Amino acid sequence: MKKITIDPITRLEGHGKIEIFLNDAGEVENTYFQVPELRGFEKFSEGRLAEDMPQITQRICGVCPEAHHMASAKCLDDLFHVDPPSPAKKLRELFYSSFYVTDHTTHFYILAGPDFVMGPEAPVAERNILGVIAKVGLELGGAVINTRMKNHHIIHMLGGRAVHPVFGLPGGVSKGLNEEERKEVEQIAKDSVEFAKLSLKVFDDIVLKNKEYLDMVLSDAYTHRTYYMGLVDEKNRVNFYDGKVRVVDPDGKEFVKYAPREYLDHIAEHVEPWTYVKMPYLKKIGWKGFVDGKDSGVFRSTPLSRLNAANGMATPLAQAEYERFYSTLGGKPVHQTLATHWARLVELLYAAERLLELSKDPEITSPNIRTIPTATPDEGVGIVEAPRGTLTHHYITDEKGIIKKANLIVATVNNAAPINMSIKKAAMALIKPGKKITEGLLNRIEMAWRPYDPCWGCATHTFPGQTPMEVTIYNSQGEVVERLSR
């Protein structure tokens, strides 16, 4: 048995490696996406004050601390039985929309863009953001940097810090907007809308007008028929900040829609011995292994999933792009994993439009930004859509608000099983007996997981009471001769 290792994999948050095992005929027998990091935030949150959780949990990640901060703040609202005033909710959503603009921009241009702009098999030294800027021009490169800088300025303005904000509190937020700041946010939002429209044009010109790329997007090598999950508002439109979690089946029909407090009725987590990442699945269908289809509990939670799980977008320009997306790709749901990059740009436009809407809302400069909690804390659940998927925080405390138990279902974790399936399917389609295995071919396998935008820094966990480390020794025939564990 021959083994191919891709280590480290590149252009992701965190660290991981791919191992591909070939049989004696040279065909792909199996693949493993392994994540060696260990975080354990759920365990060492125990004994901490609940109101410290928005500060503690956002340290899970330096890329998406805003998502953990927001999910945690919403969890504290539920835990302390307090409803923030309307201006506070709008300020949170404004803050969160800015974050979405920066995050989706980062992924499209820096992490995923090089595969399409430079080409999947371009020299590795050119397949990066500097190569992208050299090819698309300094003007667009400058627009990418300016969009990220200006929206991070909004995060800093409201959050108090550019990274790891101190903004969300149980019952509201720590800072409002004055009129001068509001005007600044409005201008940044207008510029962000134009940038999102430009980004969609870039995708049109580089991907949709390139037959080779379009064929790759639509190919079976990058396709899975799964369930799809996303947060929706009362009209079943995509919502990043609030609403209910909706799951549709591989035919696009609603399978379930649940409130945050009901998540344990619908989601369970599977553990494999070869990775620290847990693998959520739909409890009422069950874990059937790494397979897709209607009888498998595997679901996906990505920008593409959110569009598939929703009936539309809540802003006009994004709704028009949503309709063009499905009319171009043959209707709902879309199962092609690489189409996630396009879905991410539709969401980028929605985030920018929503930011603009909120910047002009009459309530956005109201000083009524917090309701002080008075109830005894006990248990709470908060859910938001992180850019990488649905993010759930669940805390249980004693009557003094000390954390007794914490459970986090992190956005990337939802996609752990599909990512492994996508890698295996791409590897089986691309690696054939006698075919030379090049760096470019291995990059095409990496392209199977990049649309998920995984953040493995967020997604690693520990089992209660021990570190699950296992060493497996194989002989030259690929047979296990010894397995050591602790």
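Each residue is numbered by its place in its chain's sequence as written, counting from 1. Given that the model is predicted, a residue must reach a pLDDT of at least 70 before its local features are reported, and side-chain atom pairs must reach 80 or more before they are shown or counted; all residues, however, enter totals for whole chains, interfaces and linings. Hydrogens and water are ignored here; the side-chain numbers use all heavy atoms of the structure.

Notes on the overall build of the chain
Across its full length, the chain carries 15 helices and 16 strands. Referenced to the eigenvectors of the C-alpha coordinate spread, the extents of the chain come out at roughly 70 × 55 × 40 Å. Partly exposed residues are those whose accessible area sits between 20% and 50% of the maximum for their type, while under 20% is buried and over 50% is exposed, using a 1.4 Å probe and protein chains only. Out of the 486 residues in the chain, the part that is buried amounts to 59%. Partitioning the contacts of the chain with sequence separation of at least 6, the portion at a separation of at least 24 is 67%. Here the open area of atoms and residues is found with the Shrake-Rupley method and a 1.4 Å probe, where only the protein chains shown may cover a residue. Put simply, the chain shows about 18800 Å² of open surface, and 53% of that area lies on carbon and sulfur atoms. Runs of E in the DSSP output that reach at least two residues are strands. Runs of H or I that reach at least four are helices, and both are numbered from the N terminus. Pairs of residues are marked as contacts when any of their non-hydrogen atoms sit within 4.5 Å.

Comments concerning the sheet that holds strand E6 (residues 227-232)
Two pairing modes exist for strands in a sheet, parallel and antiparallel, and in both the strands are linked by backbone hydrogen bonds. One open sheet holds the four strands; their spatial order is E8-E7-E6-E11, and the pairing between them is mixed. A strand with exactly one partner marks an edge of an open sheet, and here the two such strands are strand E8 (254-258) and strand E11 (299-300). When DSSP finds two or more bridges between two strands, those strands count as paired. Sheet analysis places strand E7 (residues 244-248) next to E8, joined by four bridges and oriented antiparallel. Bridged to Val248 within E8 is Glu254.

What about the packing of aromatic side chains?
Only Phe, Tyr and Trp rings take part, Trp by its six-membered ring, and two of them pair if their centres are within 6.5 Å. Stacked means planes under 30 degrees apart, edge-to-face means over 60, and tilted covers everything else. Taken as a whole and assessed by the stated rule, the structure comprises 22 aromatic pairs. Seen in terms of ring centroids, Tyr227 and Phe255 are 5.2 Å apart; in terms of plane orientation they differ by 70°. Their pairing is edge-to-face. Placement of Tyr227 in strand E6 and of Phe255 in strand E8 is noted, with a sequence separation of 28 residues between them. For the cation-ring pair, Lys74 lies above Tyr241, with the distance from its terminal atom to the ring centre recorded as 4.7 Å. By definition here, charges over rings are those cases where NZ of Lys or CZ of Arg is within 6 Å of the ring centre and within 35 degrees of the ring normal.

A few points about the pattern of salt bridges
Each salt bridge in this description consists of a side-chain nitrogen of Lys or Arg and a carboxyl oxygen of Asp or Glu lying within 4 Å of one another. Applying the stated criterion to the full structure yields 39 salt bridges. In this structure, the salt-bridge partner of Glu269 is Lys278, at a minimum N-O distance of 3.3 Å. Given a relative accessible area of 27%, Glu269 falls into the partly exposed group. Among the salt bridges present, the one from Arg306 reaches Glu385, with a minimum N-O distance of 2.7 Å. Of this pair, Arg306 sits in helix H9 (residues 303-309) while Glu385 sits in strand E12 (residues 379-386), and the two are 79 residues apart along the sequence.

Observations regarding the sheet that holds E12
Pairing is antiparallel across the open sheet formed by three strands, whose spatial order is E12-E13-E14. In this open sheet, the two strands that pair with only one neighbour each are E12 and strand E14 (403-409). The sheet shows a mean angle of 10° between the axes of neighbouring strands, taken without regard to direction. Relative to E14, strand E13 (residues 389-397) is paired through six bridges, and the arrangement is antiparallel. For helices, the fitted line uses only the C-alpha atoms of the stretch in contact; every axis is such a line through C-alpha atoms, and the angle between N-to-C directions lies from 0 to 180 degrees.

Things to note about the environment of Phe325
Here Phe325 shows up in helix H10 (residues 316-329). What makes Phe325 buried here is its relative accessible area of 0%. Note: C-alpha distance between Phe325 and Ala343 (18 residues apart in sequence) is 7.7 Å. When near neighbours in sequence (up to four residues on either side) are disregarded, Phe325 contacts Leu304, Leu307, Val334, Ala339, Trp342 and Ala343.

A word on the side chain of Thr275
Within the element layout of this structure, Thr275 appears in the loop between strand E9 (267-270) and strand E10 (279-282). Taking relative accessible area as the criterion, Thr275 reaches 8% and is therefore assigned buried. A distance of 3.2 Å separates a polar atom in the side chain of Thr275 from the backbone nitrogen of Val277. In this structure Thr275 touches Phe33 and Val35, once residues within four positions along its chain are discounted. Polar contacts, as counted here, are pairs of nitrogen or oxygen atoms within 3.5 Å of one another; within protein the pair requires one atom able to donate a hydrogen and one able to accept it, and residues that are adjacent in sequence qualify only if both atoms are side-chain atoms.

Remember, this is a structural readout, not a statement about activity or role.
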